[in-house]
Amino acid sequence: MNELSIEVQEGAYALVRDVMKVKQGESVVITADTGSDWQVVEATAKAAKLLGAKPLVLWYSMPPHVGKAADPYLPLKPLEAALKNADVWIEFNRSWLLYSTPWDNVMAEGRVRYICLVGMTGEMMVRNIGRINIPALLEFQRTLAEITKNTRKMEITSPAGMKIEFENDPERPVFTEGDVSGPGDYMLFGQVDWAPIEETINGTIVFDGSVWPPIGLLKEPIFLRVEAGKVTGIEGGWEAKVFEKWLRSFNDPNMFNIAHLSYGCNPGAKLTGNILEDERVWGAVEWGLGNQAASFKGKFGAAKSHTDGICLAPTVKGDGRYIIKNGEYVHPRLRGIQKKLLK
């Protein structure tokens, strides 16, 4: 028996009951590929059954790509048919279905509660779900989202050399991930994300934590020169060359678009090379490139794939006021909630 089996089951039960709000009689479809942690898949199916729901696990060979680039490797018709008829869809795929054609079509139906938990492992489930004060974290995220939504001009710097400026559109949503309130697409809590006004994003972004796909943990920083929301130059060592080659391999200029920005705020998350956890590291920020989900209400839209990069120990200023300083949240409205969260 796995030494964390009880704790994993506890985390899976919290996920199904408290996050996805699964009700008796609902159909819960769990997708997984050959890169998924089967312990997590099985624990989640058991949790759904214990709540009186009807779990269904869809398992198949892991595609070599993600998003729409994975389409040629997927059993598209049966996969989409099952997902369109689900009440809840929990994705544990290592090569994610997020932004794939089935995902687009299922989300367009507007009836499924979907959560992206790509590459979730047992240890991650314990750290990032089972041992977290979920109500306090959601309160923290809602406050952080409100601060951001009311902020117009922002600047982010980091010890690695990042210096990027942009403006926010108050009419665009700022998402508090994991705060499930009805049909739609959701991410694991511990992240607040939005799409700044694309043409105002200018400067240098530095990935110094991880990038996935195609690399994982980084040995050297990757420097992205950004003009009007588009990456116009990539510099660094061999990993920067691998990253640029991967972006160009799609023969799609939209892969160089800045799709979104996120704060990491899950106190259990640590940098592991698994992007699901990395982009929730406390006080980090994450930039997404490529496909921009319609829910962000941005201007860039679709691309053939998507990638995310992590920036460590940033300093974030909004309208001249610190929100994060050297990787620590310092805004006065967050302090009281932070104390509850970090007990």
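These lines cover the structure that appears in this document, whether it is placed above or below.

Basis of the calculations
Residues numbered from 1 in each chain as written. Predicted model: local features only at pLDDT ≥ 70, side-chain atom pairs only at ≥ 80, totals over all residues. Heavy atoms only, no water. Buried < 20%, exposed > 50% of the residue type's maximum accessible area, 1.4 Å probe, protein only. Helix = DSSP H or I, 4+ residues; strand = E, 2+ residues; numbered from the N terminus. Arc of directions from axis to C-beta. Contact = heavy atoms within 4.5 Å. Salt bridge = Lys/Arg side-chain N within 4 Å of Asp/Glu carboxyl O. Patch = residues over 30% accessible without salt bridge, like charges linked within 9 Å, V, L, I, M, F, W, Y side chains within 5 Å. Areas by Shrake-Rupley, 256 points an atom, 1.4 Å probe, with all protein chains shown as cover. Pairing = 2+ DSSP bridges. Axes fitted to C-alpha atoms, helices over the stretch in contact; angles between N-to-C directions.

**Comments concerning helix 9 (residues 332–341)**
Part 1: For helix 9, every residue scored as buried is listed here: L334, I337, Q338 and L341. Considered in projection along helix 9, the buried side chains sweep an arc of 110° and stay on one side of the axis.
Part 2: Taken together, the buried residues of helix 9 touch helix 6 (134–149) and strand 20 (328–329).

**Thoughts on the pattern of salt bridges**
Part 1: The tally for this structure, following the rule as stated, stands at 19 salt bridges.
Part 2: As a salt-bridge pair, E123 and R127 come within 3.8 Å of each other at their nearest N and O atoms. With E123 and R127 both in helix 5 (residues 122–130), this residue pair falls four residues apart, about one helical turn.
Part 3: Here R152 and E167 are joined by a salt bridge, their closest N and O atoms 3.5 Å apart. Taken together, the residues R152 in the loop between helix 6 and strand 5 (153–157) and E167 in strand 6 (residues 163–167) connect sequence positions 15 residues apart.
Part 4: On the accessibility criterion, E167 (23% relative accessible area) is partly exposed.
Part 5: Three or more residues joined by partner-sharing salt bridges are found here, namely E80, K84 and E109.

**A short note on a nonpolar patch on the surface**
Part 1: Nonpolar side chains collect at one region of the surface, where W38, V57 and W59 lie side by side and expose about 320 Å² of accessible area between them.
Part 2: Its location among the elements puts W59 in strand 2 (residues 54–60).
Part 3: When its relative accessible area of 53% is taken as the criterion, W59 is described as exposed.

**Details of the sheet that holds strand 9 (residues 191–194)**
Part 1: In spatial order, the strands read 7-9-15-16-17-11-12; together these seven strands make up an open sheet with antiparallel pairing. Only two strands of the sheet have a single partner each, and these edge strands are strand 7 (175–176) and strand 12 (216–217).
Part 2: Pairing geometry for strand 11 (residues 210–212) and strand 12, over two bridges, is antiparallel. In the strand pairing of strand 12, S210 is matched with L217.
Part 3: In the packing of helix 6 onto the sheet, the strands contacted are strand 7, strand 9 and strand 15 (258–264), and the crossing angle to strand 9 comes to about 25°.
Part 4: Where helix 7 (residues 238–248) meets the sheet, it contacts strand 11, strand 12, strand 16 (285–290) and strand 17 (306–311), and its direction lies at approximately 155° from that of strand 17.

**Re the sheet that holds strand 10 (residues 202–207)**
Part 1: The strand order across the open sheet built from eight strands is 14-13-10-6-5-18-19-20, with neighbouring strands paired in antiparallel fashion. Strands at the two margins of the open sheet, each flanked by one partner only, are strand 14 (230–236) and strand 20.

**Let's talk about unusual backbone geometry**
Part 1: A cis amide bond, omega -15°, links W212 with the succeeding residue P213.
Part 2: Along the chain, P213 falls in the loop between strand 11 and strand 12.
Part 3: Geometrically, the link from P213 to P214 is a cis peptide bond, its omega value of 15° lying close to zero.
Part 4: Its place among the elements puts P214 in the loop between strand 11 and strand 12.
Part 5: In this model, K297 sits at a positive phi of 60°, which is unusual for a non-glycine residue.
Part 6: With respect to the helices and strands, the residue K297 is situated in the loop between strand 16 and strand 17.
Part 7: Positive phi outside glycine occurs at A313, with the angle close to 50°.
Part 8: If you trace the backbone, A313 turns up in the loop between strand 17 and strand 18 (315–318).

**Section: the pairing of strand 9**
Part 1: Neither face of strand 9 is open: one carries Q191 and D193, the other V192 and W194, and all of them are buried.
Part 2: Where strand 7 lies against strand 9, two bridges are found, and the strand directions are antiparallel. Looking at the pairing, T176 lines up with V192 of strand 9.
Part 3: In the sheet, strand 9 pairs with strand 15 via four bridges, with the strands oriented antiparallel. By the bridge assignment, D193 is partnered in strand 15 with S262.

**Looking at the side chain of R172**
Part 1: In this fold, R172 is placed in the loop between strand 6 and strand 7.
Part 2: With residues up to four places along the chain from it excluded, the contact list for R172 reads K149, A195, P196, I197, E198, F296, K297, G298 and K299.

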